[in-house]
Amino acid sequence: MTTFAVPGSDELVLQECHEGVVLLTLNRPDKLNALSAALLEQLSDALIELEDDEEVGAIVITGSPAAKRPAFAAGADIAEMAKMSPLELRQHAHLGQVACTMIEGMPKPVIAAVNGFALGGGCELAMACHFRYAAKGAQFGQPEINLGIIPGFGGTQRLLRHIGKGPALELLLSGDSIDADQAERLGLVNRVVEPAALIPTVIELARKLASKAPVARRLILDAVIRGADLPLEAAQALEADLFGLTGATIDVREGLSAFLEKRAAKWVGR
Ligand code: COA
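Source: prediction; values computed, not measured.

Thresholds applied
Residues numbered from 1 in each chain as written. Predicted model: local features only at pLDDT ≥ 70, side-chain atom pairs only at ≥ 80, totals over all residues. Heavy atoms only, no water. Helix = DSSP H or I, 4+ residues; strand = E, 2+ residues; numbered from the N terminus. Expected span 1.5 Å × (residues − 1). Buried < 20%, exposed > 50% of the residue type's maximum accessible area, 1.4 Å probe, protein only. Contact = heavy atoms within 4.5 Å. Domains from an automatic or database assignment. Buried area = accessible area lost by both parts, 1.4 Å probe. Salt bridge = Lys/Arg side-chain N within 4 Å of Asp/Glu carboxyl O.

## Description of helix α9 (residues 214-227)
Part 1: Counted at 1.5 Å a residue, the expected span for α9 with its 14 residues is 20 Å, and the 19 Å between its end C-alpha atoms agrees.
Part 2: If you check which residues of α9 are buried, you get V215, R217, L219, L221 and G227.
Part 3: Looking at the buried positions of α9, the neighbouring elements they touch are α8 (198-210), α10 (232-246) and α11 (250-260).

Encoded structure:
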């Protein structure tokens with residue numbers, strides 16, 4: 001494990017380690033954790049470092065609890081975007097898309113712990129995570145249309161894939177927000193919990209995921225994330241290839257032997 005920072009520091013993304021799990025906290029509480037270019041760059045840098053860290057089996061992303069109103073992230077930084085030329089706006093969209101694509105492609109589960117507003121880029125970032133837990137009262141939405149712009153961090157596409165065309169278009173075209181319970185009903189959120197229980201619940205879950213067979217964990221993510229955009233036949237072929245690949249690991253022998261010997265498996269991640 002590497003970087004650590006304490007709440008109140010100047011870091012825009014704080015890192016905290018919890019036995020195999022890293023909690024990343026978006027840290028711009030005075031701006032409801034709005035996603036500035038510098039924050040997105042720090043987030044991408046942190047992800048690059050965590051991707052290959054074998055001690056880290058799962059990642060949780062949340063928003064600083066120090067914000068004056070509970071916030072995961074209230075969007076891309078509007079003040080920053082207001083000064084951008086069209087080319088700079090395109091570059092900014094690219095920066096956000098790189099971070100979101102990196103999250104989605106991580107070889108270990110990334111869970112969004114949504115503790116308040118997840119609007120615009122905040123909703124897009126949460127949607128790029130492998131799944132979402134939300135605090136009661138959290139708000140999800142793509143209000144870009146109210147600013148005369150459209151989502152630029154992959155939101156039109158991920159919202160469509162998460163909740164389907166009709167509900168996605170209603171949210172995108174109205175700019176309205178939905179609360180955590182509505183988001184859960186639409187399948188955007190896995191589970192809603194009381195605000196105080198959010199981080200303990202998600203860290204406990206992340207620890208459990210981190211304790212599972214590392215290669216199988218990585219291949220399941222690969223099969224689901226890469227398979228989701230393939231025709232069923234090609235996606236099943238991908239699954240069969242990845243299934244076959246598990247046969248080449250030390251962990252498959254360990255997992256099968258441990259079951260037959262009625263003992264807990266000891267994974268080596270190879
Ligand atoms: N970008 C930059 N700053 C933002 C921001 C964003 N997306 N969202 C909030 N902030 C800032 C506000 O400007 C304010 O800063 P200030 O205190 O220096 O003036 C601070 O965060 C608190 O926000 P404020 O609007 O005063 O809080 P509120 O409780 O009245 O309203 C929201 C909360 C989320 C409803 C409101 O901030 C909002 O609509 N934000 C923008 C949401 C959005 O359109 N996101 C998509 C952007 S593409």
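## A look at the domain arrangement of the protein chain
Reports often express the size of an interface as the amount of accessible area lost when the parts come together.
Part 1: Taken domain by domain, the protein chain consists of domain 1 (2-210) and domain 2 (214-261).
Part 2: Once you take the C-alpha centre of each, domain 1 and domain 2 turn out to be 28 Å apart.
Part 3: Counting residues at the interface gives 10 residues for domain 1 and five residues for domain 2.
Part 4: Here domain 1 packs against domain 2, burying approximately 610 Å² in sum over the two surfaces, 58% of which is carbon and sulfur.
Part 5: R161 is the salt-bridge partner of D229, the closest N and O atoms lying 3.1 Å from each other.

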